[in-house]
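So you can see what is in the structure, the chains are spelled out below.
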Amino acid sequence: MSAPAGHTSSTSAAGHWPSVGVIIPTRNRPELLRRAVTGIVAQDYPGPVRTIVIFDQHDPDASLCRGGERPLDVLPNLRKPGLAGARNTGIVALDTDLVAFCDDDDVWLPTKLRRQVHALQQRPQAEFCTSAIEVEFADRLTPRLAGASLVGLDDLVRSRMSMLHSSTFLVRRSAFAADEMGLVAEDAPGSQNEDWDLLLRAVKRGEIVHVDDPLVRVLWGRSSLFAYEYGTKMASLRWMMTRHPEIAASTTGAGRVYGQLACWSAATGNRRDAWRWTKAAMRSNWREPRAAIALAAVTGVVKVESVLGALHRRGRGI
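Residues numbered from 1 in each chain as written. Predicted model: local features only at pLDDT ≥ 70, side-chain atom pairs only at ≥ 80, totals over all residues. Heavy atoms only, no water.

Caption draft 1: Region of interest: the overall build of the protein. Within the protein, the secondary structure is distributed over 11 helices and 10 strands. Here the C-alpha radius of gyration of the protein, 20 Å, is about what a compact globule of 318 residues would show, namely 20 Å. In terms of overall dimensions, the protein has C-alpha extents of about 65 × 40 × 35 Å along its principal axes. When the 318 residues of the protein are sorted by exposure, 56% land in the buried category. When contacts within the protein are restricted to residue pairs at least 6 apart in sequence, those whose partners lie at least 24 apart make up 73%. When the accessible area of the protein is evaluated, it comes to approximately 13,600 Å², of which 51% is carbon and sulfur surface. The averaged location of the 34 negative side-chain charges in the protein is 7 Å from the averaged location of its 40 positive side-chain charges. (Helix = DSSP H or I, 4+ residues; strand = E, 2+ residues; numbered from the N terminus. Rg over C-alpha atoms; globule rule 2.2 N^0.38 Å. Buried < 20%, exposed > 50% of the residue type's maximum accessible area, 1.4 Å probe, protein only. Contact = heavy atoms within 4.5 Å. Areas by Shrake-Rupley, 256 points an atom, 1.4 Å probe, with all protein chains shown as cover. Lys, Arg positive; Asp, Glu negative; His and termini not counted. Charge placed at Lys NZ, Arg CZ, Asp CG, Glu CD.)

Have a look at this one:
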């Protein structure tokens, strides 16, 4: 793996603070992108930080490039079009000690990197660190906490743990070269659930260190490129079930996924599949709330979009 010109090594005057490479995939959202970049530049982290913005399916904006203590480079996505390929383009281009992800519609709080690096330093064997988030929806901010400082495999099988958002990921770069983990999965349908897949692959190598304070502001709603692409959501969930059989083996985990499939089927008007997945969810876990949402949607009591909007206002999703 080679670095863009001007890469700053961790052997600089920063001393024991490892070098961090930040990857921002983007597609036609210049105003949000500049907000994300500003949050990275404003980090109080004492070590070297380099940012690479990967432009997916459109030409890079060279005006963003900058030198100095917080250099920024731009690259086109050189791999499969989509979020996963864009992230992998950045990973391959970096040779920093640590790699961090930031989506172009999210913002890091100023202490994010410093606190996460400190958490990794407290556990030298750990390879992966996340943090809690605050969800920005309309004019409301809602914190999402995990209630834990370590995350294990069972936690991520039972729940996607949406507070472990990809924009909080901080990873030792060497982990991406390990057979058990590797790069971001580019075969994930529509690059959906690739972050959950990466978390599961990482946690099978060792527990994930988590800083349970909101260190990233995540913008929810229609800013998402996939907010209402229900077919892609369903395909990626089925892909996850095949890729990680532990999910199907968990009554709670399987019930949650089947409930989501029921809701997205109802949202597309596919009553037959909605009923089928609702039954599967209830067989796995009769308390699964998504089954009730799907039933209400199929019978015309509510619309999935209305439920989704209400949940987003509380910082949650289906």
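Caption draft 2: Broad picture of the confidence of the model for the protein. Taken over all residues, the pLDDT of the protein has a mean of 91, while the share at 70 or more is 93%. A low-confidence stretch, residues 1-14 stays under pLDDT 50, and its non-local contacts, those more than four residues away or across chains, total 34 contacts. (pLDDT = per-residue confidence, 0-100.)

Caption draft 3: Region of the structure containing the packing of helix α8 (residues 251-267) against helix α9 (residues 271-284). It is at 8 Å that the axes of α8 and α9 come closest, and there the two elements cross at 165°. Between α8 and α9, the angle is such that the two are roughly antiparallel. Here α8 runs over α9; the crossing is left-handed. Touching Thr251, Ala254, Gly255, Tyr258, Gly259, Leu261, Ala262, Ser265 and Ala266 of α8 are Asp273, Ala274, Trp277, Thr278, Ala280, Ala281 and Ser284, all from α9. (Axes fitted to C-alpha atoms, helices over the stretch in contact; angles between N-to-C directions. Parallel < 35°, antiparallel > 145°, perpendicular 65-115°, else oblique. Left-handed = near helix turned anticlockwise from the far one by under 90°.)

Caption draft 4: The side chain of Asp104, seen in detail. One can find Asp104 in the loop between β4 (98-101) and β5 (106-108). Within polar-contact distance, the side chain of Asp104 engages the side chain of Arg29 at 2.6 Å. Excluding residues that lie within four positions of it along the chain, Asp104 makes contacts with Ile24, Pro25, Thr26, Arg27, Arg29, Leu32, Leu33 and Ala36. (Polar contact = N/O pair within 3.5 Å; in protein donor to acceptor, adjacent residues only side chain to side chain.)

Caption draft 5: Geometry of the state of the cysteines. Taken as a whole, this structure holds 0 disulfides when the rule is applied. The thiol of Cys129 is unpaired, and the distance to the nearest cysteine sulfur, on Cys102, comes to 15 Å. (Disulfide = S-S within 2.5 Å.)

Caption draft 6: Broad picture of unusual backbone geometry. For Asn28, which is not glycine, the phi torsion reads 55° and is therefore positive. Mapped onto the secondary structure, Asn28 falls in the loop between β1 (20-26) and α1 (30-41). For Asn28, a relative accessible area of 54% gives the class exposed. For Met161, which is not glycine, the phi dihedral falls at a positive 50°. Position of Met161 among the secondary structure elements: in the loop between α4 (153-158) and β9 (170-172). Among the residues examined, Met161 registers a relative accessible area of 11% and is labelled buried.

Caption draft 7: Seen up close, the pattern of salt bridges. Summed over the entire model, instances satisfying the criterion amount to 21 salt bridges. Among the salt bridges present, the one from Arg79 reaches Glu186, with a minimum N-O distance of 2.5 Å. Residue Arg79 is located in the loop between β3 (72-76) and α2 (83-93), and its partner Glu186 is located in the loop between β9 and α5 (194-203); the two are separated by 107 residues in the primary sequence. For Arg201, the salt bridge identified is with Asp197, shortest N-O distance 3.0 Å. In this pair, Arg201 and Asp197 are both assigned in helix α5, 4 residues apart and thus about one turn of the helix distant. When its relative accessible area of 9% is taken as the criterion, Arg201 is described as buried. According to the relative accessible area criterion, Asp197 is buried, its value standing at 0%. (Salt bridge = Lys/Arg side-chain N within 4 Å of Asp/Glu carboxyl O.)

Caption draft 8: Geometry of the nonpolar core. Judged by nonpolar contacts, the single largest core of 96 residues is most densely connected at Val20, Val22, Phe101, Phe128, Leu156 and Leu170. At 8 residues, α8 tops the list of elements feeding residues into this core. The residues touching Phe128, leaving out its near neighbours within four places in the chain, are Leu120, Phe169, Leu170, Val171, Met181, Leu198, Leu199, Ala202, Ile208 and Val209. (Core = buried A, V, L, I, M, F, W, Y, C linked by side-chain atoms within 4.5 Å.)

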